[in-house]
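The residues making up each chain are set out below.
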Amino acid sequence: MALGRAQASALGYSSLPIAVVPHPFGSVDRNAVRAMAEQCVKQIAALACATPGVTTEQMSGASASGTTGARAALLEIAHEPDLVTAFNRVCRERRWSDGLPVVAPTRERVEQMFSGTRRTPQETVAKLAPAFGAATVEGIAINAVLAGCDSAYLPVLIAAVEAVAAPQFNLQSIQSTTNPAAVWIIVNGPIARRLGINGQCNCLGEGAWANATIGRALRLILRNIGGALPGDMDRATQGQPGKYTFCCAENEEENPWEALHVERGYSRERSTVTVVGAEGTMNMCTLARKADDLIRVIAGTMRHPPSNEYVHGSEPWIVLAPEHAEILHAAGLTKAEVKRRLWEESKMRAGVMAAEDLGRTQASRTDELGTIRPDTLLTISKRADDIGIIVAGGKGTHSVYIPCFGNTRSATREVVCDQQ
């Protein structure tokens, strides 16, 4: 009820009648689910008969790039000895922060942030689910200031906002799921080097200002403009630390293959942002020196029964350490061949799933795979090419498996700025 009411209010339908589906229902038997469904059907039928039709124009969630939005209102805080503390208190009260201290977006700081782009402040870059708030250039800039970004980072954030609004990314589900989904930003091209976005040692950890503040700014945009406040529309059961910030560059200098953005059709000289609906990170520490062994143990890590990826045929990601990438490359394998080998060797017998998860898989993938029985070998993704691979990190024999949310596909957008 809380999620439905919050969604309806955000879309301007605060009095919209709502039928309540009991939750959770994953642990009850089929007879109980049927009884719940029958009761819900009765509620929906009664509401449909009693409620005049409402338009769905507001609820379409379509991108509104190029439109204009209202300028932000100016907030005045009464003079106090410690204005930093006072402003952060306001942010806590109004739920504008992620739980960490923020930088006050004064008029001067926001104007300085605009120096990073030629786009007008009132231009709407996209509308962000689940509240479908208009992410104007000014709104993005304000949240960038809150997160501590430099003005040069603004074009990267604008591209990231465009990417998360892409239909295949399925932001509506990512923002409101019980899964621990976070948005992982991968930056490619010259802009990553120019801005100091780390793609080497500790690239998924702390220590790089650009990584930390860009990832944090997008999260603030998703909550403050997209409306995904924890406990309201963001219903993550536990969440994950990546929901504070999750951003890195690819280590293109030590990548023996084409970089991600080149693989996706951009020239090496262009700069891009790719967003991924990531569920977390799994460290893979292996001293394997043979390509066959390395592929086998990585595939073994990817293969696990309680996985959204096998349920839906998804888009898993591998962050290969440069040392591991070189082993595979030295064996004569292209990136496409590595993907194909991983796809084949990560196949999992459907019967190892819990019965309920097997049922979900049958509902999701029968059209794709035909009849699914316990002895059916499930692929982790629909196609080998759906496996994402980047090379990142520093010295060491550690690669990372990053499972994705399931019903999402990554999106890449070019970063548009005065300099490439």
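(A) Looking closely at the environment of Val 400. Along the chain, Val 400 turns up in strand E11 (residues 398–402). Separated by 115 residues in the primary sequence, Val 400 and Cys 285 place their C-alpha atoms 8.5 Å from one another.

(B) Expanded view of unusual backbone geometry. Omega for the peptide link from Ala 129 to Pro 130 comes to 5 degrees, which places this bond in the cis form. If you trace the backbone, Pro 130 turns up in the loop between strand E1 (124–128) and strand E2 (133–136). Positioned with a positive phi, Asn 202 is a non-glycine residue whose angle comes to about 65 degrees. Checked against the element boundaries, Asn 202 lands in the loop between helix H8 (190–195) and helix H9 (209–224). Relative accessible area serves as the criterion here: at 43%, Asn 202 is assigned to the partly exposed category.

(C) Quick peek at the sheet that holds E11. Ordered by their spatial adjacency, four strands build an open sheet running E6-E11-E7-E10, and the pairing between neighbours is mixed. Each of the sheet's edge strands pairs with one partner strand only, and the pair in question is strand E6 (282–285) and strand E10 (388–391). Mean inter-strand twist for the sheet, computed between neighbouring axes without regard to direction, equals 20 degrees. Here four bridges tie strand E7 (residues 317–320) to E10, and the two strands are oriented parallel to one another. Within the sheet, the bridge partner assigned to Leu 320 lies in E10 and is Val 391.

(D) Up close: the packing of aromatic side chains. Taken as a whole, this structure holds two aromatic pairs when the rule is applied. With centroids separated by 5.7 Å and ring planes inclined at 25 degrees, the aromatic side chains of Trp 184 and Phe 246 adopt a geometry described as stacked. On the criterion of sequence distance, the pair formed by Trp 184 in strand E3 (residues 182–188) and Phe 246 in the loop between H9 and strand E4 (247–249) is long-range, its members being 62 residues apart. A residue is classified by how much of its surface remains accessible, and Trp 184, at 0% relative accessible area, is buried.

About the thresholds
Residues numbered from 1 in each chain as written. Predicted model: local features only at pLDDT ≥ 70, side-chain atom pairs only at ≥ 80, totals over all residues. Heavy atoms only, no water. Helix = DSSP H or I, 4+ residues; strand = E, 2+ residues; numbered from the N terminus. Buried < 20%, exposed > 50% of the residue type's maximum accessible area, 1.4 Å probe, protein only. Pairing = 2+ DSSP bridges. Axes fitted to C-alpha atoms, helices over the stretch in contact; angles between N-to-C directions. Phe/Tyr/Trp six-rings, centres within 6.5 Å; stacked < 30°, edge-to-face > 60°.

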